[in-house]
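# Structure assessment
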Amino acid sequence: MKTKALATVRKARARKTIALLKREYPDATCALTHHSALELAVATILSAQCTDARVNMVTPHLFAKYRSAADYAAADPRVLEKEIQSTGFFRNKTKSIIGMAQALVERHGGEVPQTMDELTALPGIGRKTANVILGTWFKKNEGVVVDTHVQRLTGLLKLSRQKDPVKMEQDLMAIVPREDWTWFSHTLILHGRAVCIARRPKCAECVLNRLCPSSLV
């Protein structure tokens with residue numbers, strides 16, 4: 001199939017997919033518990049290679065103890081490592097959190113910035129994390145969060161052939177309306193956890209089973 005025709009097919013499938021998912025998950029949002037942009041940034045860093053459920057078990061203590069960027073910037077790395085150890089990769093995450101907080105204090109008056117360039121310039125903040133912060137907290141749709149669930153479901157739905165998350169994000173941005181970018185990411189994540197489970201997909205229960213090219217029904 002020619003590229004232009006394929007793009008048309010994908011856009012049509014995306015439109016139908018969004019319509020069906022909006023009925024199922026109209027209020028989908030981030031599963032990480034947070035009450036500020038800083039808390040969301042910390043939680044998102046902790047969520048790398050870790051479940052949101054585990055992160056949500058760790059963060060109440062952190063958020064009660066470290067209330068500002070300055071608090072994290074001054075944290076004892078050995079203490080913070082122990083506090084977040086159960087999330088895995090705790091040494092790297094500790095370095096990222098403290099480095100990010102120090103940069104916030106030094107460059108942004110302790111506040112989390114609201115642009116992609118400023119966020120991705122912070123230690124420990126890549127494009128995916130920046131998308132989470134901008135879309136979820138600041139309500140700015142600058143991109144599509146492509147985590148493992150989004151990547152897997154996008155492939156199953158044949159909305160992109162790309163394997164690289166950055167290239168896949170570009171494909172999704174071209175076929176999903178901008179106002180839906182953040183919601184679409186959260187929805188695919190929720191759907192991937194509840195229904196389209198990697199090792200045991202519940203295709204018979206899936207609202208997308210008649211549309212999905214990979215459906216086992």
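Above this note sits the structure.
Just so it is clear, the model here is predicted, and its values are computed rather than measured.

## Describing the packing of aromatic side chains
Taken as a whole and judged by the stated rule, the model has one aromatic pair. Residues tyrosine 66 and tyrosine 72 carry aromatic rings whose centres are separated by 4.9 Å and whose planes lie at 20° to one another, so their mutual orientation is stacked. Taking the relative accessible area as the measure of exposure, tyrosine 72 reaches 1% and is therefore buried. The cationic tip of lysine 22 hangs over the ring face of tryptophan 183; the distance from NZ or CZ to the ring centre is 5.5 Å.

## Things to note about the state of the cysteines
In the structure shown here, the tally under the stated rule is zero disulfides. Unpaired in terms of disulfides, cysteine 206 finds its nearest cysteine sulfur in cysteine 196, a separation of 6.3 Å. Considering cysteine sulfurs only, cysteine 196 is the nearest to cysteine 212, which forms no disulfide, with 6.5 Å between them.

## Brief notes about the layout of surface pockets
What the largest pocket holds in volume is close to 670 Å³. Taken together, 30 residues form the lining of the largest pocket, with Ser47, Ala48, Cys50, Lys128 and Asp147 sitting closest to its centre. By residue number, the principal contributor to the lining of the largest pocket is helix H11 (residues 181-194), which donates five residues. When grouped by side-chain class, the residues that make up the lining of the largest pocket number 11 nonpolar, 14 polar and five charged.

Calculation notes
- Residues numbered from 1 in each chain as written.
- Predicted model: local features only at pLDDT ≥ 70, side-chain atom pairs only at ≥ 80, totals over all residues.
- Heavy atoms only, no water.
- Phe/Tyr/Trp six-rings, centres within 6.5 Å; stacked < 30°, edge-to-face > 60°.
- Buried < 20%, exposed > 50% of the residue type's maximum accessible area, 1.4 Å probe, protein only.
- Lys NZ or Arg CZ within 6 Å of the ring centre and 35° of its normal.
- Disulfide = S-S within 2.5 Å.
- 1 Å grid on protein atoms, 1.4 Å probe; cavity = no way out; pocket = protein on both sides within 12 Å on 5 of 7 lines; lining within 4 Å.
- Points joined across faces, edges and corners; volume = space filled by probe spheres on them.
- Helix = DSSP H or I, 4+ residues; strand = E, 2+ residues; numbered from the N terminus.
- Nonpolar A, V, L, I, M, F, W, Y, C, P; charged D, E, K, R; others polar.

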